[in-house]
Every structure is written in C-alpha cells, then in structure tokens.
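These are the residues of each chain, in order.
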Amino acid sequence: TDTTTQTTTMAASTVGAEIDEDLQSRQMAVYGRESMMKLSGAHVLISGLNGLGAETAKNVVLANVKAVTLHDSKTATPGDLGSHFYLSPDDVGKNRASA
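Please read all numbers here as calculations on a predicted model, not as lab measurements.

### Considerations on unusual backbone geometry
Phi angles above zero are rare outside glycine, and Asn64 is one such case at about 70 degrees. In this structure, Asn64 sits in the loop between helix H3 (51-62) and strand E3 (67-72).

### Comments concerning the pairing of E3
Counting buried positions along E3 yields five of six residues, so the element is predominantly enclosed. With five bridges joining them, strand E2 (residues 43-47) and E3 adopt parallel strand pairing. Bridge assignment links Ile46 to a residue of E3, and that residue is Leu70. The parallel pair E2 and E3 is bridged by H3, and the resulting crossover is right-handed.

### A closer look at the nonpolar core
If you look at the biggest cluster of nonpolar residues, it comprises eight residues: Ile46, Leu49, Ala57, Val60, Val65, Val68, Leu70 and Ala97. For this core, the secondary structure elements donating two or more residues are H3 and E3.

### Some remarks on the environment of Lys66
Within the secondary structure, Lys66 is located in the loop between H3 and E3. Measuring from C-alpha to C-alpha, the distance between Lys66 and Leu39 comes to 7.3 Å, with 27 residues separating the pair along the chain.

### Observations concerning the pattern of salt bridges
Scanning all chains against the criterion turns up five salt bridges. Among the ionic pairs, Glu55 bridges to Lys58, the shortest N-O distance being 3.0 Å. In this pair, Glu55 and Lys58 both sit in helix H3, three residues apart, roughly one turn of the helix. With its nearest N and O atoms 3.6 Å apart, the salt bridge here joins Lys94 to Asp91. For Lys94, a relative accessible area of 42% gives the class partly exposed. Three or more residues joined by partner-sharing salt bridges are found here, namely Asp72, Asp80 and Arg96.

Conventions we followed
Here, residues in each chain are numbered from 1, in the same order as that chain's written sequence. In keeping with the predicted nature of the model, local features appear solely for residues at pLDDT of at least 70, side-chain atom pairs appear and are counted solely at 80 or more, and the whole-chain, interface and lining totals rest on all residues. Side-chain measures here rest on the full set of heavy atoms in the structure, leaving out hydrogens and waters. Per the convention used, a helix needs a DSSP run of H or I reaching at least four residues, while a strand needs a run of E reaching at least two, with both numbered from the N terminus. The classification of residues rests on relative accessible area computed with a 1.4 Å probe and restricted to protein chains. Under 20% of the type maximum is buried, over 50% is exposed, and intermediate values are partly exposed. Two strands form a pair only when DSSP identifies at least two bridges running between them. Looking down the strands as they point away from you, a crossover is right-handed if its path from the first strand over the helix to the second goes clockwise. Among buried residues, those of type Ala, Val, Leu, Ile, Met, Phe, Trp, Tyr and Cys that are joined through side-chain atoms within 4.5 Å constitute a nonpolar core. A pairing counts as a salt bridge when a side-chain nitrogen of Lys or Arg comes within 4 Å of a carboxyl oxygen of Asp or Glu.

Written as structure tokens, this is what we have:
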C-alpha cells in the first residue's frame, strides 16, 4: 500500500458573507441562521476518506464552510467505488484525497 499522505484543500470566498436562502434552505432549517453564519467562516479538516469520511466531507461542504481540507494516506481501490460517490474507475490507484 502507498503510505504517501495526500492533502487537498478547497476554499470558498466569504467576503461579505451572506447566506443564499434559496440555495441553502435545507441547511438553514437544520442549523439555523446564526450557526450558518459561524459555519461560513469555519476551516474544517477531514482525515480519512473511507465511506464515512466521504459522506462527512459531502455534508460539511454542503453546509457552506469557508474551507475544507481532505487528508488520506490510502489509494482508491475497486472496492471503494461502491461507497465513494465522487470516485470513478479512472481514480483507482490514485490517492483518495486527491481523487
């Protein structure tokens, strides 16, 4: 197994952060306006992109946080294709965080 660690960071601009209530209506119903404003400035690290980590990453991104850093030291396998919605067969053998 490849022991190389890969980290990928995704960031969104929150200059003059306002919540798009049409786009974020479901998250607003769950978190509330005050929590959504706090989340919009958050930096989140997710380490380990197994099936649970991938689902957590999706939910954190949908919560409209400022930046998400994905970290994983494993490569994608054919078995990962069933539990990782973002992987395609072309990603097998690549690091899961960079795929």
